[in-house]
Protein chains: 2
Amino acid sequence: MIVAIIGIGLIGGSLGITLQENGLASRVLGVDTNPVNVDKAIRRRLVTEEMSLSAALQTADVIILATPVDVMRKLLPTLLSGISENQTLIDVGSTKEQLLDEVADHPNRARYVACHPMAGTEYSGPEAAIPGLFDRKTCVIVDREDSAADALDVAHRLFRSAGMNVSYLDRKAHDLHCAYVSHISHIASFALALTVLEKEKDEQRIFELASSGFGSTVRLAKSSADMWVPIFRQNRDHVLDVLDEHIEQLSKFRTQLIKRDFDGFHERIERANEIAKILQ
Amino acid sequence: MIVAIIGIGLIGGSLGITLQENGLASRVLGVDTNPVNVDKAIRRRLVTEEMSLSAALQTADVIILATPVDVMRKLLPTLLSGISENQTLIDVGSTKEQLLDEVADHPNRARYVACHPMAGTEYSGPEAAIPGLFDRKTCVIVDREDSAADALDVAHRLFRSAGMNVSYLDRKAHDLHCAYVSHISHIASFALALTVLEKEKDEQRIFELASSGFGSTVRLAKSSADMWVPIFRQNRDHVLDVLDEHIEQLSKFRTQLIKRDFDGFHERIERANEIAKILQ
């Protein structure tokens, strides 16, 4: 099939190379407003050719929208209006509620499948794209009952060919669960980086002492502001809810230190250890 | 040389196997109050033989104290009193101020070198011990001017043979910097695990969505309470100081979300991104 990818960053670029390598895509059309990204994507063979948005819309069997989520909100209604009954539109964004509200009554809504491949790294842009990024990860399909059966089938084939397991949620549940697991991790990591940068003025010390675990806890703090701020904006209420809980949990540790309640501290660490069972 | 290791967990066990493999230790005497640990350590060849504490003290050239830091405080004065001028005592603990205050006036203080190899994983016990754990990591030697030249030389040879770079700090600076970089990372990770366990009752969802970065941010939350509570107890004041800053940084994100100040949010993420330059 011919696949168009709009926005050739980490996710779009990784899909482009993966779908070529597994044989699902005969051509991958790259659409990006940034000519540097297009150039890098072609030289790294993430896409087979560059194309304008309107030409790609007329050529592709499947159009994958892989821009930051604020750009998605602007592009999605126009794209939906421009596609035919033989085409499928897929997005790969991290927030869904506002996006799906936007096109709830669109006459072509059934041609669109809202997807969230739960894969990524702390890096962004086509230079970070890698084949195999999606292997054995989960792709969440959101509000599947609003998509046509054949469009769903295309999405299933596409993500399964990339090695993904498919799971289903409605849009409210998706945004809630992502705030609880993914979005709060990023805020915690950004805040930890800021904490250490504020307290520890000696950069060489940070580097030397980082092998003690700081490196992994702060890994997500390298993530792109351009990608993440629109996510926090669209998922603000759920993120605030879980952020309140996180501040509360840290404040409890603080109180226990102040009161020298080390037995209570020990109990709460053992409770935190239970996360290991879930992640295995 | 003959090396005795008191406490055969992740660090003690990894040192035992590493020093055998690089040829520095002809024998590694394992001392542990837990017979299960000793049994595992011998079967995994982390040590060459089991020995009682008193017999090991009479046999070893170098005695490495690798217990949790509360046990170190109890054992260190007694061990120092029992060693001769030809022996070197080394500890590998994560906190130093209280430990070194304890033996500041000990007549054998010069035979002791306070060390902190900055290496570890979220796992503990002899089953987590691995050769190569210390490779290209930093070992901090603390208050080196209080150790005899030949004892320091032994410590240098030992940690350099394990592939470590050596750095120096006084005990106050060591505990401060470790609170700022290492100890706060652990508290942040414990708190994040508790947050997600509290908000997200659906364990399958946590598992499915964890590939989005949650896994690495929460990695340290698997760490042992028995090891970490004594560290937080001994380094309480510095940890409280940096924990206050961390709660403050999270509260600023909270305020920005409430006020919908997404430009300010963007700026602070870009500032957090600077951690990448230091860690490279």
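Here is what the cut-offs are and how they apply
- Residues numbered from 1 in each chain as written.
- Chains lettered and ligands numbered in written order.
- Predicted model: local features only at pLDDT ≥ 70, side-chain atom pairs only at ≥ 80, totals over all residues.
- Heavy atoms only, no water.
- Helix = DSSP H or I, 4+ residues; strand = E, 2+ residues; numbered from the N terminus.
- Rg over C-alpha atoms; globule rule 2.2 N^0.38 Å.
- Buried < 20%, exposed > 50% of the residue type's maximum accessible area, 1.4 Å probe, protein only.
- Contact = heavy atoms within 4.5 Å.
- Lys, Arg positive; Asp, Glu negative; His and termini not counted.
- Charge placed at Lys NZ, Arg CZ, Asp CG, Glu CD.
- Polar contact = N/O pair within 3.5 Å; in protein donor to acceptor, adjacent residues only side chain to side chain.
- Least-squares fit on C-alpha atoms with pLDDT ≥ 70 in both.
- Phe/Tyr/Trp six-rings, centres within 6.5 Å; stacked < 30°, edge-to-face > 60°.
- Lys NZ or Arg CZ within 6 Å of the ring centre and 35° of its normal.
- Salt bridge = Lys/Arg side-chain N within 4 Å of Asp/Glu carboxyl O.
- Pairing = 2+ DSSP bridges.
- Axes fitted to C-alpha atoms, helices over the stretch in contact; angles between N-to-C directions.
- Parallel < 35°, antiparallel > 145°, perpendicular 65-115°, else oblique.
- Left-handed = near helix turned anticlockwise from the far one by under 90°.
- Nonpolar A, V, L, I, M, F, W, Y, C, P; charged D, E, K, R; others polar.
- Patch = residues over 30% accessible without salt bridge, like charges linked within 9 Å, V, L, I, M, F, W, Y side chains within 5 Å.
- Areas by Shrake-Rupley, 256 points an atom, 1.4 Å probe, with all protein chains shown as cover.
- Domains from an automatic or database assignment.
- Buried area = accessible area lost by both parts, 1.4 Å probe.

Per an unreviewed UniProt entry, chain A is named Prephenate dehydrogenase, and its organism is Neolewinella antarctica.

Draft legend 1. Looking closely at the overall build of chain A. From N to C terminus, chain A includes 13 helices and 8 strands. Its C-alpha atoms give chain A a radius of gyration of 21 Å, within 12% of the compact-globule value 19 Å for 280 residues. Viewed in the frame of its principal axes, chain A has a C-alpha envelope of about 65 × 40 × 30 Å. In chain A, which comprises 280 residues, the share counted as buried stands at 61%. Considering only intrachain contacts with a sequence separation of at least 6, the fraction spanning at least 24 residues in chain A is 74%. Averaging the positions of the 31 positive and the 39 negative side-chain charges in chain A gives two centres separated by 3 Å.

Draft legend 2. Quick peek at the environment of B:Asn108. Residue and element names in this part refer to chain B. Within the element layout of this structure, asparagine 108 appears in the loop between helix 5 (97–102) and strand 6 (112–118). Classification of asparagine 108 by relative accessible area gives partly exposed; the value is 23%. At 2.7 Å, the side chain of asparagine 108 and the backbone oxygen of leucine 80 are in polar contact.

Draft legend 3. Structural context of the relation of the copies chain B and chain A. Its rotation angle being 180°, the transformation that places chain B on chain A also includes 0.0 Å of axial translation and leaves an RMSD of 0.0 Å. As the rotation angle and translation indicate, the two copies are arranged about a two-fold axis. For chain B, the residue whose C-alpha comes nearest the rotation axis is B:Thr217, separated from it by 2.1 Å. Mapped onto chain A, 100% of the interface residues of chain B are again interface residues, and the two copies thus contact each other with one and the same surface.

Draft legend 4. Region of the structure containing the packing of aromatic side chains. Here the structure, examined in full by the defined rule, presents 6 aromatic pairs over all chains. Ring geometry for A:Phe232 versus B:Phe265: centroids 5.2 Å apart, planes at 40°, classification tilted. One end of the pair, A:Phe232, is in helix 10 (residues 225–234); the other, B:Phe265, is in helix 12 (residues 262–273), on a second chain. Considering the side-chain rings of B:Phe253 and B:Phe265, the 4.6 Å spacing of their centres and the 35° angle between planes classify their relative orientation as tilted. Taken together, the residues B:Phe253 in helix 11 (residues 236–258) and B:Phe265 in helix 12 connect sequence positions 12 residues apart. An identical accessibility class is assigned to B:Phe253 and B:Phe265; each is buried. Feature note: the residues A:Trp228, A:Phe232, B:Phe253 and B:Phe265 constitute an aromatic cluster, connected by ring pairs. The ring of A:Tyr168 has A:Arg144 lying over it, and the distance from NZ or CZ to the ring centre is 3.7 Å.

Draft legend 5. Structural view of helix 10 (residues 225–234) of chain B. Of all 10 residues making up helix 10 of chain B, 7 are buried, and the element is well covered by its neighbours. Buried within helix 10 of chain B we find B:Ala225, B:Trp228, B:Val229, B:Pro230, B:Ile231, B:Phe232 and B:Gln234. On its buried face, helix 10 of chain B sits against helix 11 (236–258) and helix 12 (262–273) of chain A together with helix 4 (69–82), helix 5, helix 7 (171–199) and helix 11 of chain B. You can read the cap of helix 10 of chain B off the contacts: a side-chain oxygen lies 3.2 Å from the backbone nitrogen of B:Asp226, and it is on B:Ser224.

Draft legend 6. Structural detail: the pattern of salt bridges. In total, this model carries 36 salt bridges over all chains according to the counting rule given. Its salt-bridge partner being A:Glu102, residue A:Arg73 comes within 2.8 Å of it at the nearest N-O pair. You can see A:Arg73 sitting in helix 4 (residues 69–82) and its partner A:Glu102 sitting in helix 5 (residues 97–102), a full 29 residues away along the chain. We classify A:Glu102 as partly exposed; its relative accessible area is 40%. Notably, a salt bridge pairs B:Arg136 with B:Asp135, separated by 3.8 Å at the nearest N-O pair.

Draft legend 7. Structural view of the sheet that holds strand 2 (residues 27–31) of chain A. Residues and elements named next belong to chain A. Spatially, 8 strands are ordered 3-2-1-4-5-6-7-8 in an open sheet, and the strand pairing comes out mixed. This sheet does not close on itself; its edge strands, each paired only once, are strand 3 (49–50) and strand 8 (165–169). One ladder, built from 2 bridges, connects strand 2 with strand 3; its direction is parallel. In the strand pairing of strand 3, glycine 30 is matched with glutamate 50. This element, helix 6 (residues 149–161), spans strand 4 (62–65), strand 5 (88–91), strand 6 (112–118), strand 7 (138–142) and strand 8 of the sheet and lies at about 20° to strand 6.

Draft legend 8. A look at the packing of helix 7 (residues 171–199) of chain A against helix 7 of chain B. Axis separation between helix 7 of chain A and helix 7 of chain B bottoms out at 10 Å; the angle between their running directions is 160°. Between helix 7 of chain A and helix 7 of chain B, the interaxial angle falls into the category roughly antiparallel. In the crossing of helix 7 of chain A with helix 7 of chain B, the sense of the turn from one axis to the other is right-handed. Contact residues: A:Tyr180, A:Val181, A:Ile184, A:Ser185, A:Ala188, A:Leu192, A:Val196 and A:Lys199 in helix 7 of chain A; B:Tyr180, B:Val181, B:Ile184, B:Ser185, B:Ala188, B:Leu192, B:Val196 and B:Lys199 in helix 7 of chain B. By residue class, the composition of the contact of helix 7 of chain A with helix 7 of chain B is 12 nonpolar, 2 polar and 2 charged.

Draft legend 9. Main features of a negative patch on the surface. A grouping of A:Asp70, A:Asp226, B:Asp261, B:Asp263, B:Glu267 and B:Glu270 is seen on the molecular surface, where their side chains present a negatively charged patch. With 3 residues, the single largest contributor to the negative patch is helix 12 of chain B. Assignment of secondary structure puts A:Asp226 in helix 10.

Draft legend 10. Summary view of the sheet that holds strand 2 (residues 27–31) of chain B. Residue and element names in this part refer to chain B. Strand order in this open sheet of 8 strands is 3-2-1-4-5-6-7-8, and the pairing throughout is mixed. Because the sheet does not close on itself, it has two edges, and the strands there are strand 3 (49–50) and strand 8 (165–169). Pairing of strand 1 (residues 2–6) with strand 2 involves 5 bridges; the strand directions are parallel. When the bridges of strand 2 are listed, isoleucine 5 appears paired with glycine 30. Packed onto the sheet, helix 7 meets strand 6, strand 7 (138–142) and strand 8 and runs at close to 110° relative to strand 8.

Draft legend 11. Region of interest: the domain arrangement of chain A. Residue and element names in this part refer to chain A. Along its sequence, chain A is carved into domain 1 (2–169) and domain 2 (174–279). A C-alpha centroid distance of 30 Å is found between domain 1 and domain 2. For the pair domain 1 and domain 2, the two sides together bury roughly 1,500 Å², of which 60% comes from carbon and sulfur. Interface area lost by domain 1 to domain 2 is led by Ser94, Thr95 and Glu122, which between them contribute 37%. Our count for the contact surface shared by domain 1 and domain 2 stands at 1 salt bridge. Across the pair glutamate 122 and arginine 219 runs a salt bridge, and its minimum N-O distance is 2.6 Å. Applying the counting criterion to the domain 1 and domain 2 interface returns 7 residue pairs in polar contact (both at pLDDT 80 or more). Within the residue set of the side of domain 1 that touches domain 2, elements represented by two or more residues are helix 4, helix 5, strand 6 and strand 7.

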